[in-house]
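Structural overview for review
Below are the chains, spelled out letter by letter.
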Amino acid sequence: MAQLQIFTQYLKQYLKARLAYRLDLVVKFITDLISQSFNLIFILVVFGHTQTLGGWNQSEVVFIYGYFLLPWAIFGTFFNLWSFNDKYIIKGELDRVLTRPVHSLLQVIMESMTPESLLGVVTGLIVMGYGASGLDLQWTWYDPILLILFTIGGVLVYAGIFIALTSISLYTDSKTDIQPIVFNVSNYGRYPVNIFNRIVQFVLTWMLPFAFVGFYPASFLLDRGDWRIYAYLTPVVGIVYFAIAVLLWNRGIRHYRGAGN
Amino acid sequence: MLAMYREVIRIRFLMMLAYRVNYYSGIIIYSINIGAYVFLWQAVYSGKPSLEGFSVIQMSTYIAISWMARAFYYNNLDREIAEEIRDGSVAIQIIRPYNYLMVKVFQGFGEGLFRLLLFSIPGMVIVSFIYPIQLTTDPSVWIQFFISLLFGFIVNVEVNLIVGLFAFFLLNNQGILWAKRFLVDLLSGLIIPISFFPEVFQKIFAFLPFQAISYIPSVTLVKGLDISKWLPAMGIQFAWSIILALLCWGIWVKARKTLIVQGG
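Residues numbered from 1 in each chain as written. Chains lettered and ligands numbered in written order. Predicted model: local features only at pLDDT ≥ 70, side-chain atom pairs only at ≥ 80, totals over all residues.

This brings us to the overall build of chain B. A count of helices and strands for chain B gives 12 helices and 2 strands. Its C-alpha atoms give chain B a radius of gyration of 19 Å, near enough to 18 Å, the size a compact globule of 264 residues would have. In terms of overall dimensions, chain B has C-alpha extents of about 65 × 40 × 35 Å along its principal axes. Classification of the 264 residues of chain B by burial places 43% in the buried group. Expressed as a percentage of contacts within chain B between residues at least 6 apart in sequence, the contacts between residues at least 24 apart total 83%. (Helix = DSSP H or I, 4+ residues; strand = E, 2+ residues; numbered from the N terminus. Rg over C-alpha atoms; globule rule 2.2 N^0.38 Å. Buried ≥ 20, exposed ≤ 12 C-beta atoms within 10 Å, placed from the backbone. Contact = placed C-beta atoms within 7 Å.)

The structure is reproduced here in structure tokens:
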């Protein structure tokens, strides 16, 4: 309960800080929308030249992209760990965090969250709706529950991978470029995996499981059973990756020596 | 005068060289992005021999070459200018005995030269091992390509200068810089060749400078344009580099008058 209170306090402070620069907020919304609509434009242009992409029609691929935006937006809201190395290790902010009685990862997450990114969820639902409007989807009562479970699973996959990569900074204070590399791999997850070759499919499923963020769950919601088992695995994969990441983080915190003064 | 700008290029080149390790990861990132689009387009072709005059191989080659060319022409001059306006150091730059904009252009060129030698060329070699691409061996096509690429660089630099200078009027344009990046990537033909867009859009894009950045150089290399087709394409690039240069100059003259150094 105390954690929740702290969380709302952080949120309030954040909103105050953000609202001081209202124009920035508007600009952020607009740039998010632009980047999302460009990905959509790409899909639409591609389907001007083909009927199917690896057996998926335009509406289905749009639906998959829309679904992908849900975990992506939630991840972007809470896990802005991109500048962790600069801010917390090199500038030494982590020392301040460690003197406080709340779990260090939780503090870092709360200090770097951007609630305005949540708007991406709305965009995602609209895109999904647009995709679904061209399809004859039979939704049962449990599909919305699965949708939420899958989304949480996807967020955990993303969070797990990037927390694990961030905790590398706790072991070594030299900069690594592995985060942006993996980030670019994550873009593969929003397209049907069966268009990629076997090695890429394997990587996206078992090593950097970004296919669980977008494609597998979305294919299940599209009533395409071929990947049913993978879709059910989504929450499990999410929990496993997240748990490993938290373990790595905790070990890293114990290992952390500071970057000097 | 020229010796001074040569020095600017040299120093930026050496500066980049000091951080060369950063570029190995860049090559990996570009290879990953190229891969995503190569796979996607292969799925689009799925058996069709050619689309919009591109064969599958040509398409893969187009993607690879336009990403690696992007490494050459891409720079953050817009952000640098915006930041220098923000922190006020532009005031010092303006009173120095050189032309601020020209120095920026040549810094960008030094950076581009560095990336061409240590990023694009090794990157292209690596990518051609991984993906099915085919590069021409005709030296005259390569010469045409490099001339066209240079103009692509000039047009891109001018776009960056214009966007960066808008910071004079807006004081905070981080969002505009982001939006511009997406816009240039899409409209320059980096992600989708212009000829794949619906007719209406192609007609609109024909009036925009962005195709001069990426589409024209890449098509020049991939299709091996003959002189009668290449010269008009060059004409478009040349015209845009002049028009945008004039626009830059106009904004610059006006911007200096409205300069407010924040916190100064």
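So, about unusual backbone geometry. Positioned with a positive phi, aspartate 223 of chain A is a non-glycine residue whose angle comes to about 60 degrees. Here aspartate 223 of chain A shows up in the loop between α11 (215-221) and α12 (228-255). Phi angles above zero are rare outside glycine, and serine 46 of chain B is one such case at about 20 degrees. Following the sequence through the fold, serine 46 of chain B ends up in the loop between α2 (21-45) and β1 (50-51).

Let us now look at the interface of chain B and chain A. Contact residues are listed per partner, giving 23 residues for chain B and 27 residues for chain A. Taken together, the elements giving at least two residues each to the side of chain B that touches chain A come down to α2 and α9 (174-187) of chain B. Ranked by the residues each element gives to the side of chain B that touches chain A, the list is headed by α2 of chain B, at 11 residues. For the side of chain B that touches chain A, the per-class residue count stands at 18 nonpolar, 5 polar and no charged. (Nonpolar A, V, L, I, M, F, W, Y, C, P; charged D, E, K, R; others polar.)

On to the nonpolar core. The biggest cluster of nonpolar side chains holds 127 residues, and the ones touching the most others in it are Ala159 of chain A together with Ile63 of chain B. For this core, the element with the highest residue contribution is helix α3 (residues 58-78) of chain A, accounting for 13 residues. (Core = buried A, V, L, I, M, F, W, Y, C linked by C-beta atoms within 7 Å.)

Right, let's talk about the packing of helix α4 (residues 77-86) of chain B against helix α7 (residues 139-165) of chain B for a bit. Between two packed helices, the angle of one axis relative to the other and the distance separating the axes together describe the packing. All names here are of chain B. At a minimum axis separation of 8 Å, α4 and α7 run at an interaxial angle of 25 degrees. By the criterion of interaxial angle, the relationship of α4 to α7 is roughly parallel. The interaxial crossing formed by α4 with α7 has right-handed handedness. Residues Leu77, Asp78, Ile81 and Ala82 of α4 lie in contact with α7, whose contacting residues are Val157, Asn160, Leu161, Val163, Gly164 and Leu165. Split by residue class, the contact of α4 with α7 holds 7 nonpolar, 2 polar and 1 charged. (Axes fitted to C-alpha atoms, helices over the stretch in contact; angles between N-to-C directions. Parallel < 35°, antiparallel > 145°, perpendicular 65-115°, else oblique. Left-handed = near helix turned anticlockwise from the far one by under 90°.)

Residue and element names in this part refer to chain B. Viewed as axis vectors pointing N to C, helix α6 (residues 100-130) and α7 meet at an angle of 130 degrees, and their least axial separation amounts to 11 Å. Overall, the two elements α6 and α7 adopt an arrangement that is oblique. As α6 runs across α7, the sense of the crossing is right-handed. On α7, the residues touching Leu101, Lys104, Val105, Gly108 and Gly112 of α6 are Phe153, Val157 and Leu161. Residues of the contact of α6 with α7, tallied by class, amount to 5 nonpolar, 2 polar and 1 charged.

Turning next to helix α1 (residues 2-19) of chain A. Since one α-helical turn is 3.6 residues long, residues separated by three or four positions face the same way. Helix length check: α1 of chain A, at 18 residues, gives a terminal C-alpha distance of 26 Å against a target of 26 Å (1.5 Å per residue), a fit within 8%. In terms of burial, α1 of chain A is largely open, as just 0 of its 18 residues are buried. (Expected span 1.5 Å × (residues − 1).)

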